[in-house]
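Coordinate analysis (summary)
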Amino acid sequence: MTHNTPGRLDWSSGAGAFGLRRVLVRCGGVSRGLGGGGVGGIEVDVFDVKSPKTASLHGLGTHVSDDAALRVLIVEDDPMTAQAHADFVDRVPGFEVAGTCLGGHEAIERFDELAAAGSPVDIVLLDMNLTDSHGLEVAGRLNSRGQDVDIIAITAVRHLQVIRSAISSGITQYLIKPFTFAAFKEKLENQREFRRGLTGSGSLATQASVDNALSALRSVSSTTLPKGLIAETLDAVSAFVRDSAVPVSATEVGQGLDLSRVTVRRYLEHLVSTKQAIKQPRHGTPGRPEYEYRWV
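To start, this report covers the structure provided alongside it. (Residues numbered from 1 in each chain as written. Predicted model: local features only at pLDDT ≥ 70, side-chain atom pairs only at ≥ 80, totals over all residues. Heavy atoms only, no water.)

Looking at the nonpolar core
- Counting 26 residues, the largest nonpolar core has Val121, Val124, Leu126, Met128 and Tyr174 as its most contacted members.
- Contributing elements (two or more residues each) for this core: β4 (70-75), β5 (95-101), α3 (104-116), β6 (123-126), α4 (135-143), β7 (150-155) and α5 (160-169).
- Counting residues in each nonpolar core, the second largest holds 19 residues, with Val89, Val97, Phe184 and Leu188 among its members. (Core = buried A, V, L, I, M, F, W, Y, C linked by side-chain atoms within 4.5 Å. Buried < 20%, exposed > 50% of the residue type's maximum accessible area, 1.4 Å probe, protein only. Helix = DSSP H or I, 4+ residues; strand = E, 2+ residues; numbered from the N terminus.)

Examining the packing of aromatic side chains
- Scanning all chains against the criterion turns up three aromatic pairs.
- Site record: aromatic cluster; members linked through ring pairs are Phe88, Phe179, Phe181 and Phe184.
- The ring of Phe181 has Arg91 lying over it, and the distance from NZ or CZ to the ring centre is 3.8 Å. (Phe/Tyr/Trp six-rings, centres within 6.5 Å; stacked < 30°, edge-to-face > 60°. Lys NZ or Arg CZ within 6 Å of the ring centre and 35° of its normal.)

Let's talk about the sheet that holds strand β9 (residues 248-249)
- Read across the sheet, three strands follow the order β9-β11-β10 without closing on themselves; strand pairing throughout is antiparallel. Single-partner strands in this sheet number two, and they are β9 and β10 (277-282).
- In the packing of helix α8 (residues 231-243) onto the sheet, the strands contacted are β9 and β11 (290-295), and the crossing angle to β11 comes to about 85°. (Pairing = 2+ DSSP bridges. Contact = heavy atoms within 4.5 Å. Axes fitted to C-alpha atoms, helices over the stretch in contact; angles between N-to-C directions.)

Concerning the environment of Ser244
- Mapping Ser244 onto the fold places it in the loop between α8 and β9.
- Of note is the side chain of Ser244, whose polar atom sits 2.6 Å from the backbone oxygen of Val246. (Polar contact = N/O pair within 3.5 Å; in protein donor to acceptor, adjacent residues only side chain to side chain.)

Quick notes on the packing of helix α6 (residues 181-197) against helix α7 (residues 207-216)
- Interaxial distance between α6 and α7 falls to 7 Å at its minimum, and their mutual angle equals 170°. Taken together, the axes of α6 and α7 are roughly antiparallel relative to one another. In this structure, α6 contributes Asn190, Glu193, Phe194 and Gly197 to the contact, and α7 contributes Ser209, Ala213, Leu214 and Ala216.
- For the contact of α6 with α7, the class distribution of residues is four nonpolar, three polar and one charged. (Parallel < 35°, antiparallel > 145°, perpendicular 65-115°, else oblique. Nonpolar A, V, L, I, M, F, W, Y, C, P; charged D, E, K, R; others polar.)

Considerations on the pattern of salt bridges
- Scanning the entire structure with this criterion turns up 12 salt bridges.
- Across the salt bridge formed by Asp112 and Arg145, the nearest N and O atoms sit 2.9 Å from each other. Remark: Arg145 occurs in the loop between α4 and β7 and Asp112 occurs in helix α3; sequence separation between them is 33 residues.
- Since its relative accessible area comes to 29%, Asp112 is described here as partly exposed.
- The partner of Glu252 in a salt bridge is Arg282, with the nearest N and O atoms 3.0 Å apart. Pair noted here: Glu252 is in helix α9 (residues 250-257) and Arg282 is in strand β10, with a separation of 30 residues, a long-range link. (Salt bridge = Lys/Arg side-chain N within 4 Å of Asp/Glu carboxyl O.)

Side note on the side chain of Ser133
- Residue position: Ser133 is located in the loop between β6 and α4.
- Here the side chain of Ser133 touches Asp132 through a polar contact of 3.2 Å, side chain to side chain.

Describing unusual backbone geometry
- With an omega of -5°, the peptide bond running from Lys177 to Pro178 counts as cis.
- Summarising the element assignment, Pro178 is placed in the loop between β8 (173-176) and α6.

Points about the pairing of β8
- Two strands pair when backbone bridges link them, and β7 and β8 are joined in this way by four bridges, in the parallel orientation. Paired with Ile154 across the two strands is Leu175, which belongs to β8.
- In this fold, the crossover linking β7 to β8 by way of α5 has right-handed handedness. (Right-handed = clockwise from strand over helix to strand, strands pointing away.)

Topic: helix α2 (residues 79-91)
- The end-to-end C-alpha distance of α2 is 19 Å, a good match for the 18 Å that 13 residues give at a rise of 1.5 Å each.
- Residues of α2 that are buried in the fold lie against β4, β5, β6, β7 and α6. (Expected span 1.5 Å × (residues − 1).)

What to know about the environment of Tyr267
- Of note, Tyr267 is situated in helix α10 (residues 261-273).
- The exposure class assigned to Tyr267 is buried, which follows from its relative accessible area of 4%.
- Sequence separation of Tyr267 and Ala231 is 36 residues, and the distance between their C-alpha atoms is 9.9 Å.
- Look past the residues within four positions of Tyr267 in its chain and what remains in contact with it is Gly228, Leu229, Ile230, Thr233, Leu234 and Val237.

Written as structure tokens, this is what we have:
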């Protein structure tokens, strides 16, 4: 559910980074059974000097181990979309849902409760247009707590003024709805690498550690296709693989779309390289080895 708030937004006096977290936690548990939904977000490499992330730049952030799962708080006012985000988080190794909230006030309360209980939130997935508040306001209140938390905006809001405010407020990534699971997964994994890049021994960061951490947040653009690939054909191949209940081979996709096996294979390999599909050998078939593909 998207709510466009009319009027001018002035966040010049706001503090630190904005991180609206919706927690779908009810009575200490995570709500389930809400169906599927879309996803979205913004990607940012700018940090507010007043943001809690400044402490991380000086090596004061929480250590991110390779084994500890990062706890994710979801803030989304549409129950179906919130559940879809929670399901996506569950599919990414190394991350767990700390809770889901359907409003900004609930998100603030839940965030404080989890911190007080010794289970602080690491990442907040924040919608911008909530029924009871704006995401930028929620992000500011979350960052004012001084916790080592990263905020990823997941929203359908495309207004440049909001995006600029999100960037200046310290939101680290911005994912615009609708999006694929692959894009969602990439944002979470990028955030983990960013956090790892700013942890270590000592109280000061090096230029290399800062550059590496910031570069981890930058996704490889998928807007430009490799030479020879056509967007319409890629969409058709993607839909065929995604809608198939079982892994499919290049031959099977070609027969279904009336395309040559060689052509289809180029598109399938592109899906694999962009982490949208998984390639694996098909065993038990006569003749030369054949590969099959399944949607991530």
